[in-house]
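Letter by letter, the chains look like this.
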Amino acid sequence: MEQKNLNRKQLEELLPDYVFGRLNSHENELFEKSIQNYPELIQEVENVRSVFYRLQNMDIDRLLDKKTKYIPVKVSQRLHHERTNPLNFLAKPAFVSIVAGLGVVLLIVSIIFTRINKDTTVIDKTTARNNVADNVPPIFPQLDGLDSLALLDDEKLSDFPALYADNFSLNAFYSEADNIEDIVNESLVDLISVNDLFFTVPFDDNLFKNFEKLDETDFQQIIEELKNVEL
Amino acid sequence: MVTLSLNLQNEKEILEEFARGNVEQAVNEIVRRYKNFVFLVAFRYVKNYDDAEDITQEVFVEVLQKLKYFRQESTLKTWLYRVAVNKSKNWLRKQKVLALIRLGGKGEDNDPEFDIPDYSQDDKLEKKEMEETFLQVVANLPEKQREVFSLRYFEHMSFEEISKLLGTSVGGLKANYFHAVRKIASAMKQYLQE
């Protein structure tokens, strides 16, 4: 059975191997038969053959041998250097990976610690008020109740920041200074009103309660007694 | 195919030698056997003998240091080829960046021109120069054409092997091979007529 001729594309694909003698006898025969239909490809074959005929005398390996003759020695020296250099571990991927990994871990730890510290220093107003109310020893223990009311102690007032320093850092204290100032102001207002009350306590109200029951004689007696009072 | 099986056998012997602890012998044999191959691969990319030599050294140092991990899923030659191509491409990238820095941002297109080195009339007949011109012409071909031509013409690899190595269809390789041969013939004809 006669095989169908090769088309132009197929001929082009086989052309180099045909010129370099790498086709088998069957392919060779088919190529020579099919190319008769394409005169421009016949010309192409002639061009390639004439050039590569002149190039076939080239000794590329000899040229390359010249260019690469020192490579074995250089490679050997470099390998020896790599093996004997004590600092070589610095350039090894494993070492670089470990160092990079440690760096990342340290970075993450430092970020976490920074966040924790930030959480303790940045206190919103509500938290600050609650802390003041719940955790801080009373600034003015005298105000805890009217029963325990006593005169203000100037020394305790001067220790005022120290009381907070036990529970907060100074930074937190100053960052919340506005809140504390409010609290102090409120406390002073309360204190003044309580003190007003305190100085009115000695008044004897029995006289007022029985005032309507007094008669003329009682009044005269009171006036007589008042005359004996030294002002 | 005979050549390929012989190569495989030889590679196997070299690797067995290496596994037995005769590292020096195995290393020397690998470098001696493949230095021209690796050098030519690098040269086709960087188009400069000095840089190709540096890259060849880099390739051997890397491959020989990792030789104990080589699983033999491909041939040693294939492995060397891939490392050489990667290193050459990295080198080209570095050169482009350096060129950009030197030119202060004015990027220079490093794509090679399809030209022929200008040799004096007296030297033209020298065989060495014709060989170098030929290598330069090959190096200046587009990458696919250059690689398929080199692997087929210099390394006598089959299209199937080249296809596996380059990840290109056999049909595409044959077309590239034809275009490469035609361009080389045209350029060398011009050179030989001058």
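Coordinates for the structure precede this section.
Note that the structure is a prediction, hence the values are computed from the model and not measured.

Draft legend 1. Here's a closer look at the packing of helix H2 (residues 23–46) of chain B against helix H4 (residues 76–102) of chain B. Residue and element names in this part refer to chain B. Following both chains from N to C, one finds H2 and H4 inclined at 35°, their axes separated by 9 Å at the closest point. Relative to H4, H2 is oriented so that their crossing is right-handed. Counted together, Ile30, Tyr34, Phe37, Val38, Val41, Ala42, Arg44, Tyr45 and Val46 of H2 and Leu76, Lys77, Leu80, Tyr81, Ala84, Val85, Ser88, Lys89, Trp91 and Leu92 of H4 form the full contact between these two elements. Looking at side-chain class alone, the contact of H2 with H4 contains 15 nonpolar, 1 polar and 3 charged residues.

Draft legend 2. How the structure looks around the layout of surface pockets. What the second largest pocket holds in volume is close to 680 Å³. Together, 20 residues line the second largest pocket, and Glu82 and Lys92 of chain A together with Val61, Gln65 and Lys66 of chain B are the ones closest to its centre. Put simply, the parts of the chain that give the lining of the second largest pocket at least two residues each are helix H5 (71–84) of chain A together with H2 and helix H3 (49–65) of chain B. Here the lining of the second largest pocket is built from residues that sort into 9 nonpolar, 2 polar and 9 charged.

Draft legend 3. Just the interface of chain B and chain A, in detail. Contact with chain B, which involves 41 residues of that partner, is made by 33 residues of chain A. The tally of links between chain B and chain A comes to 7 salt bridges. Salt-bridge contacts for Glu53 of chain B lead to Lys74 of chain A; the nearest nitrogen and oxygen are separated by 2.5 Å. Scanning the region where chain B abuts chain A turns up 13 residue pairs in polar contact (both at pLDDT 80 or more). At the level of secondary structure, the elements contributing two or more residues to the side of chain B that touches chain A comprise H2, H3, helix H5 (127–139), helix H6 (143–153) and helix H8 (170–193) of chain B. With 12 residues, the single largest contributor to the side of chain B that touches chain A is H8 of chain B. Classifying every residue of the side of chain B that touches chain A by side-chain character gives 23 nonpolar, 6 polar and 12 charged.

Draft legend 4. Expanded view of the nonpolar core. The biggest cluster of nonpolar side chains holds 86 residues, and the ones touching the most others in it are Phe52 of chain A together with Phe60, Phe134 and Phe149 of chain B. A per-element tally of this core places H2 of chain B first, with 14 residues. Residue contacts for Phe60 of chain B: discarding those within four places in its chain leaves Ile71 and Val75 of chain A together with Ile30, Val31, Tyr34, Lys35, Val38 and Leu80 of chain B.

Reading the values: the criteria
- Residues numbered from 1 in each chain as written.
- Chains lettered and ligands numbered in written order.
- Predicted model: local features only at pLDDT ≥ 70, side-chain atom pairs only at ≥ 80, totals over all residues.
- Heavy atoms only, no water.
- Axes fitted to C-alpha atoms, helices over the stretch in contact; angles between N-to-C directions.
- Helix = DSSP H or I, 4+ residues; strand = E, 2+ residues; numbered from the N terminus.
- Left-handed = near helix turned anticlockwise from the far one by under 90°.
- Contact = heavy atoms within 4.5 Å.
- Nonpolar A, V, L, I, M, F, W, Y, C, P; charged D, E, K, R; others polar.
- 1 Å grid on protein atoms, 1.4 Å probe; cavity = no way out; pocket = protein on both sides within 12 Å on 5 of 7 lines; lining within 4 Å.
- Points joined across faces, edges and corners; volume = space filled by probe spheres on them.
- Salt bridge = Lys/Arg side-chain N within 4 Å of Asp/Glu carboxyl O.
- Polar contact = N/O pair within 3.5 Å; in protein donor to acceptor, adjacent residues only side chain to side chain.
- Core = buried A, V, L, I, M, F, W, Y, C linked by side-chain atoms within 4.5 Å.
- Buried < 20%, exposed > 50% of the residue type's maximum accessible area, 1.4 Å probe, protein only.

Just distances and angles here, no functional claims.
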